[in-house]
Amino acid sequence: MWWVWLIVAVVIAVLVIFVLTPLLYICYKRNYWRWHNVPFEPPAPEFEILQRLFGLRPTLEWEELEHYDLLYRNFKGRSPFCGFYHLMQPRALILDRELIMQILIKNFSNFNDRGIYHNSKHDPLSADLYSRRGSEWKEMRLRLEPIFAKDEMRYLYDGLRESSAEWLLGFDQLVRNERAHSGYIEIRTQIRRYVLTTLAACVFDLTAARQEKYPLNVFEDMTHLEHTTSRHSEFANAFLRRYPRLGKKMKLRTTSKEVEDYFTGLITEVVNEREQSSTEKKDYMQLLVNLMQQELSTHEVEDQTMKELKEHLMGELAAHAISFLKAGLRPTTHTLTYILYELALNDPIQEQLRAEIEVALKRHNNELTYDCLRELKFLGQVISETIRLHPVVPYLIRRTLTDFPVLSDNKYVLPKNMFIIVPTHAIHNDAEYYPEPFIFKPERFGREDNKRRDICMWLGFGEGPRSCIGLHFAQLIMRLLLVQLITRYHFTVDRTRLMVKPQNVIRLRVDPLDEQADGREADVVI
Ligand code: HEM
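Small disclaimer: the values here were computed from a predicted structure and weren't measured.

How each quantity is defined
- Residues numbered from 1 in each chain as written.
- Predicted model: local features only at pLDDT ≥ 70, side-chain atom pairs only at ≥ 80, totals over all residues.
- Heavy atoms only, no water.
- Domains from an automatic or database assignment.
- Core = buried A, V, L, I, M, F, W, Y, C linked by side-chain atoms within 4.5 Å.
- Buried < 20%, exposed > 50% of the residue type's maximum accessible area, 1.4 Å probe, protein only.
- Contact = heavy atoms within 4.5 Å.
- Pairing = 2+ DSSP bridges.
- Helix = DSSP H or I, 4+ residues; strand = E, 2+ residues; numbered from the N terminus.
- Axes fitted to C-alpha atoms, helices over the stretch in contact; angles between N-to-C directions.

J.: Hey, could you run me through the domain arrangement of the chain in this one?
T.: Interface size is often expressed as the accessible area that is lost when the parts come together. Taken domain by domain, the chain holds domain 1 (1-30) and domain 2 (117-387 + 427-523). The distance between the C-alpha centroids of domain 1 and domain 2 comes to 55 Å.

J.: Mind showing me how you'd approach the nonpolar core here?
T.: It is characteristic of soluble globular proteins that their nonpolar side chains tend to be buried jointly. Core analysis: the biggest nonpolar cluster contains 141 residues, and F81, F219, F263, Y284, L414, F473 and F491 have the highest contact counts within it. Look past the residues within four positions of F81 in its chain and what remains in contact with it is W33, V38, P39, A92, L93, I94, L95, L99, V406, Y412, V413 and L414.

J.: What is the right way to look at the sheet that holds strand 2 (residues 89-94) in this model?
T.: Spatially, the 4 strands line up as an open sheet ordered 1-2-7-4, and their pairing is mixed. Only two strands of the sheet have a single partner each, and these edge strands are strand 1 (81-86) and strand 4 (396-399). Neighbouring strand axes in the sheet, compared pairwise and without regard to direction, differ in orientation by 30 degrees on average. Sheet topology note: the strand 1/strand 2 ladder contains 6 bridges and is antiparallel. Bridged to Y85 within strand 2 is P90. Each of strand 1, strand 2 and strand 7 (419-422) touches helix 4 (residues 61-75); the most contacted strand, strand 1, lies at about 150 degrees to it.

J.: Is there a simple way to think about the sheet that holds strand 9 (residues 507-512) in this case?
T.: The pairing of strands in a sheet happens through backbone hydrogen bonds and is either parallel or antiparallel. If you trace the 3 strands from one edge of the open sheet to the other, you get 3-9-8, paired in antiparallel fashion. Either end of the sheet is taken by a strand with one partner, and the two such strands are strand 3 (184-186) and strand 8 (489-493). If you compare each strand with its neighbour and ignore which way they point, the axes differ by 40 degrees on average.

Below, the structure written as structure tokens:
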């Protein structure tokens, strides 16, 4: 009879291992915050989690944003952070200003990871600055910082001016054609084209001649594919976030092969051309090529190793170039679109901005120089206030490297490997920091107010060592376009379709200033 008992014991062991252990684990996870005595929002029902894990109920971006706003409103003042669950995973949302400063600035080294899966060996394009962490990130950031510095912007100015002038020709044609119809233009599509063509020219050297082989619409399709194609389900992404080392061992990639082949082909062609020619172009591609050559010249290695090093550096260069598209295209398009939308809604502010630009242009003999752009203080305020109201990155994400006891109240600890959220959108709309938060008031960003504002209460470009590296470049391309648009056109909003959610179409009426139609107001349906 002993063998019967053996079978019973094996069945029990199997039950414990395969049924009870996962159940206990799930139970532990679902009660994580309760057991850690942190104010928390309970997890979603199991059925909903399963639907989300298997992609049957995708999480929309604005839903996530509203969720974080709600958590902030419900828990602020009760503890330095609150707990919530992302699917099955416990996460923390930071509520306290001092703790935000510790995370982003003072104790940054414990929070320098965003927890994004990347694989520099088998998927070089995934290993860009945004995704890297630890020493890998630090090394790359130090190397890139000089080419993103304010002083480099003057060097890029003429090239950017040229590509914006080309885009304006097309836009002007569109405006004049549209006047025969409704006069309204879906502005986001046009702005996206501007940012895309600027990046294509300045970073990928996609000149008119090169566009014969690499047409702009294919470049646009590849960029779209890069942004929208997730090679993995929510389930696989959760696995990669949790076990990145295993993912790397399994050679898992996140970039599609088609996208990789297209961009590496294009970049290799441009780099080879630059290396063979003796002329230097004043664009970002040149700065990246110079950076690569600097690296090569500081290594004394044998031919074979040199070949490998060059291949590695080419992979890095491609990842840098792609990061302009990954990290720069959407934020710049979004911000420019909302600036025009707010200006169209607030006519007196639009007029005030136009007046500032006219005065500055007069000071510079009607030449739109780099210095003229830099002097436009009110324009800077309009940009900051738009980003306050419509931050394109509505929350910052970090992962803790070790347990972190909260200094102001050490009964709270942010545990190791915990994903934490800094809710930018909620902070920007908090009446304690911004009275009448839903009103567009660029004067909030005057010099004195900026001095008074607590650090970390405006996080439009992030804060601390991991803040936006493209800040000056983004400011330059936005200012350049805005000045040219505001001095040529008058923008009004289509009040029949006022926007409710960010994903809605934004239609603006665009009237050339040199022929503002009589009775324009009569056309605006209110
Ligand atoms: C209006 C336009 C832009 C806005 C509002 C914006 C905002 C941001 C924000 C909020 C972050 C995250 C900061 C953090 O986690 O603390 C970020 C990171 C980053 N941005 Fe931008 N960005 C803009 C344009 C650009 C452009 C044009 C580039 C071009 C290269 C760029 C490159 C990056 C990169 C590479 C990072 C990651 C930096 C790192 O991890 O070290 N951004 N940006």
